[in-house]
Amino acid sequence: SGVSRDDVTVVTKLHPKNHGATTARRLIDESAQRFGGYVDVFLQHYLACWDGLCGKNWRNTVEGDWRDSWRAMEAAYDEGLVKAIGVSNVGPREVDELVKFARIKPHVVQAWMDPFHASVELRKTCEKHNI
């Protein structure tokens, strides 16, 4: 394409139906290979499944939970396969829980914000944790 990988920021997400240490790690490895050996930002899209998001059978197919996936993300970060890790579509309570659990706290918390949806409490929580 003529564009250097260094000139592109790749952000990708793990769908919650793919939570679990083995599945998350496989998808991180595949993404890193697909995008030149690493991913700039790897996010958990949501921390939990529900029928409307993951399908009615998700309880029988999801390998683990967000904690298992986070450990896989921390390992990939340690190995240089991802440059930053984080979460998307979470609230303040989930950020607090993640920070307590994490060996490596999130570098990124992606959230929808506009003049009518300022997510003030989420922003305060991120500031409290220096995220």
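What comes next is a walk through the structure. What you see is a predicted model, and the numbers here were worked out from it, not measured in a lab.

1. A short note on the environment of His117
Checked against the element boundaries, His117 lands in the loop between strand S4 (108-110) and helix H6 (120-128). C-alpha of His117 to C-alpha of Ala84: the two residues are 33 residues apart in sequence and 26 Å apart in space.

2. As for the sheet that holds strand S1 (residues 11-14)
Read across the open sheet, the four strands follow the order S1-S2-S3-S4; overall the sheet is parallel. On the outer flanks of this sheet lie S1 and S4, each paired with one strand and no other. Recorded for the sheet is a direction-independent mean angle of 30° between the axes of neighbouring strands. Inspection of the sheet shows strand S2 (residues 39-44) paired to strand S3 (residues 82-88) by five bridges, in the parallel sense. Residue pairing in the sheet places Val41 in a bridge with Ala84 of S3.

3. As for unusual backbone geometry
Phi at Ser119 is positive, roughly 50°, even though this residue is not glycine. Within the secondary structure layout, Ser119 lies in the loop between S4 and H6. In this structure Ser119 comes out as partly exposed when scored by relative accessible area, which is 26%. Phi at Asn130 takes a positive value of approximately 60°, unusual for a residue other than glycine.

4. Here's the deal with the nonpolar core
Here is a general trend for soluble globular proteins: nonpolar side chains tend to be buried in one another's company. Ranked by size, the top nonpolar core spans 25 residues in total, and within it Ile28, Trp70, Val82, Val87 and Val109 carry the most contacts. For this core, the secondary structure elements donating two or more residues are helix H1 (21-34), S2, helix H4 (66-78), S3, helix H5 (92-101) and H6. For this core, the element with the most residues is H4, which contributes five residues. Sequence-distant contacts of Trp70, defined by excluding residues within four places in its chain, comprise Gln44, Ile85, Gly86, Val87, Leu98, Phe101, Ala102, Ile104, Lys105 and Pro106.

Procedures and definitions
- Residues numbered from 1 in each chain as written.
- Predicted model: local features only at pLDDT ≥ 70, side-chain atom pairs only at ≥ 80, totals over all residues.
- Heavy atoms only, no water.
- Helix = DSSP H or I, 4+ residues; strand = E, 2+ residues; numbered from the N terminus.
- Pairing = 2+ DSSP bridges.
- Axes fitted to C-alpha atoms, helices over the stretch in contact; angles between N-to-C directions.
- Buried < 20%, exposed > 50% of the residue type's maximum accessible area, 1.4 Å probe, protein only.
- Core = buried A, V, L, I, M, F, W, Y, C linked by side-chain atoms within 4.5 Å.
- Contact = heavy atoms within 4.5 Å.

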